[in-house]
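Here is what each chain is made of, one letter per residue.
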Amino acid sequence: MITIGGVPLGHVPTTASRMTGLIWGDVGSGKTPFALTAPPKVLYMLFDHDGDKSIKHVQHLYDLIDYTRVQASNLVDQFFNPGTTTLKDLDKVLATREYKSLVFDSVTAFLDLALVRGIELAAPKVTKGVKPDIIAPGLQGYGARSSIMKAAAMNLHAICAKHNVNLIFVAHARESRDNDGNLTDVMPWLPGESGVQVPKNISEIWMLRQYEGTRRVYVRPWNVYRLMRTRMFLNEEKDSAFFPWRFDANKWEGPGQIKNWLEEYDAGGQNKIAMPK
């Protein structure tokens, strides 16, 4: 076998595709049920209070880790270093192969916790001037938040990749307006460096939006909506950035399930698939 620096030369055998995704949108748009259509069984990490209300009728599809019950501000520390108890336990759990997908809901709520923790860590180091607090976190507080989120995302990516587990982050939407109040852009609520670090290793970034009584999945930038991309779907119509999401989350039936798209993607040799109509 030919190697270069100890790394074998040759193509890696094709295996079942592993999805890394970011699903974002407004509150109530259906992000959580959409994420839960990933291949089961799902390990569901909950950070949003009452964020699982829309999926409680399908509890057989997922196991819940409810971090909303944890009051300690240093909860986010458990995701900062691979050697923490939480991440070592996660590694062991995913090694059982019981779970095919991990859903992290939501990045937005985790960032709120990370900001509080970031201020706690940064404030004692400020010996001159105004110490950061929740009203004015300052560069130190915001910087610590971004560092915590970056580390958490990298560690989750590494563990899920190790065990070939799909990883889907959920985030809320953030609107930006000009001085006259006009809407300029809508993006995932990923402030600061988080807006760069979280998406950079994610292949599928989709926005879910309600429009005139229907739900749409946007896979490419459209109008003022930014930060969507796809490697899974073809762009047969050059001006097409979205498709309807027809899944019935109440009855839990119908087209529009992530698990089915992944099956179709793999069946086609991991060539891009047509966007649903």
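As shown above, the structure is provided for reference.
What this report covers is the structure whose coordinates are included nearby. (Residues numbered from 1 in each chain as written. Predicted model: local features only at pLDDT ≥ 70, side-chain atom pairs only at ≥ 80, totals over all residues. Heavy atoms only, no water.)

A closer look at empty space enclosed by the protein
- Throughout the structure, instances matching the rule amount to 1 cavity of 30 Å³ or more.
- Taken as a whole, the largest cavity encloses approximately 40 Å³ of empty space.
- Contributing to the lining of the largest cavity are Lys150, Ala153, Met154, His157, Gln197, Val198, Lys200 and Asn201.
- Per-element tally for the lining of the largest cavity: the top contributor is helix α4 (residues 138-162), with 4 residues.
- Its residues assigned to classes, the lining of the largest cavity shows 3 nonpolar, 3 polar and 2 charged. (1 Å grid on protein atoms, 1.4 Å probe; cavity = no way out; pocket = protein on both sides within 12 Å on 5 of 7 lines; lining within 4 Å. Points joined across faces, edges and corners; volume = space filled by probe spheres on them. Helix = DSSP H or I, 4+ residues; strand = E, 2+ residues; numbered from the N terminus. Nonpolar A, V, L, I, M, F, W, Y, C, P; charged D, E, K, R; others polar.)

Digging into the pattern of salt bridges
- Applying the stated criterion across every chain, the model contains 7 salt bridges.
- Two residues, arginine 117 and aspartate 77, come together in a salt bridge whose shortest N-O distance is 2.8 Å. Here arginine 117 is found in helix α3 (residues 107-122), whereas its partner aspartate 77 is found in the loop between β5 (62-66) and α2 (85-95), with 40 residues between them in sequence. (Salt bridge = Lys/Arg side-chain N within 4 Å of Asp/Glu carboxyl O.)

Looking at α2
- Of the positions making up α2, those classed as buried are Thr86, Leu87, Leu90 and Leu94. One face of α2 carries all of its buried residues, which in axial projection span an arc of 90 degrees.
- Packed against the buried residues of α2 are β4 (42-46), β6 (101-105) and α4.
- Of the residues one or two after α2, arginine 97 is the one with positive phi, at around 65 degrees. (Buried < 20%, exposed > 50% of the residue type's maximum accessible area, 1.4 Å probe, protein only. Arc of directions from axis to C-beta. Contact = heavy atoms within 4.5 Å.)

Concerning the environment of glutamate 175
- By the secondary structure assignment, glutamate 175 is in strand β7 (residues 166-177).
- Overall, glutamate 175 belongs to the partly exposed group, its relative accessible area being 47%.
- Along the primary structure glutamate 175 and aspartate 26 are separated by 149 residues, whereas in three dimensions their C-alpha atoms are 9.9 Å apart.
- With residues near it in sequence (within four places) discarded, glutamate 175 still touches Leu183, Asp185 and Val186.
- At 3.0 Å, the side chain of glutamate 175 and the side chain of arginine 177 are in polar contact. (Polar contact = N/O pair within 3.5 Å; in protein donor to acceptor, adjacent residues only side chain to side chain.)

Observations concerning the pairing of β4
- Most of β4 is tucked away: 5 of the 5 residues are buried.
- The two faces of β4 match: Val42, Tyr44 and Leu46 on one face and Leu43 and Met45 on the other face are all buried.
- As judged from the 5 bridges shared by β4 and β5, these two strands associate in the parallel manner. Bridge pairing links methionine 45 to isoleucine 65 in β5.
- Here β4 runs beside β6; their pairing, made up of 5 bridges, is parallel. Its bridge partner being in β6, methionine 45 is matched across the sheet by phenylalanine 104. (Pairing = 2+ DSSP bridges.)

So, unusual backbone geometry
- With an omega of 0 degrees, the peptide bond running from proline 40 to lysine 41 counts as cis.
- Among the secondary structure elements, lysine 41 is positioned in the loop between α1 (31-35) and β4.
- At arginine 97, a residue that is not glycine, the phi angle is positive and equals roughly 65 degrees.
- As for its placement among the helices and strands, arginine 97 is situated in the loop between α2 and β6.
- Although it is not a glycine, glutamine 270 sits at a positive phi angle of roughly 65 degrees.
- Within the fold, glutamine 270 resides in the segment after α6 (258-267).

Notes on the packing of α2 against α4
- Closest axis-to-axis distance for the α2/α4 pair is 9 Å, and the angle between their directions is 20 degrees. Relative to α4, the element α2 lies roughly parallel. Relative to α4, the crossing made by α2 is right-handed. Of the residues in α4, those touching α2 at Leu87, Leu90, Asp91 and Leu94 are Asn155, Leu156, Ile159, Cys160 and Lys162.
- Of the residues assigned to the contact of α2 with α4, the class counts are 6 nonpolar, 1 polar and 2 charged. (Axes fitted to C-alpha atoms, helices over the stretch in contact; angles between N-to-C directions. Parallel < 35°, antiparallel > 145°, perpendicular 65-115°, else oblique. Left-handed = near helix turned anticlockwise from the far one by under 90°.)

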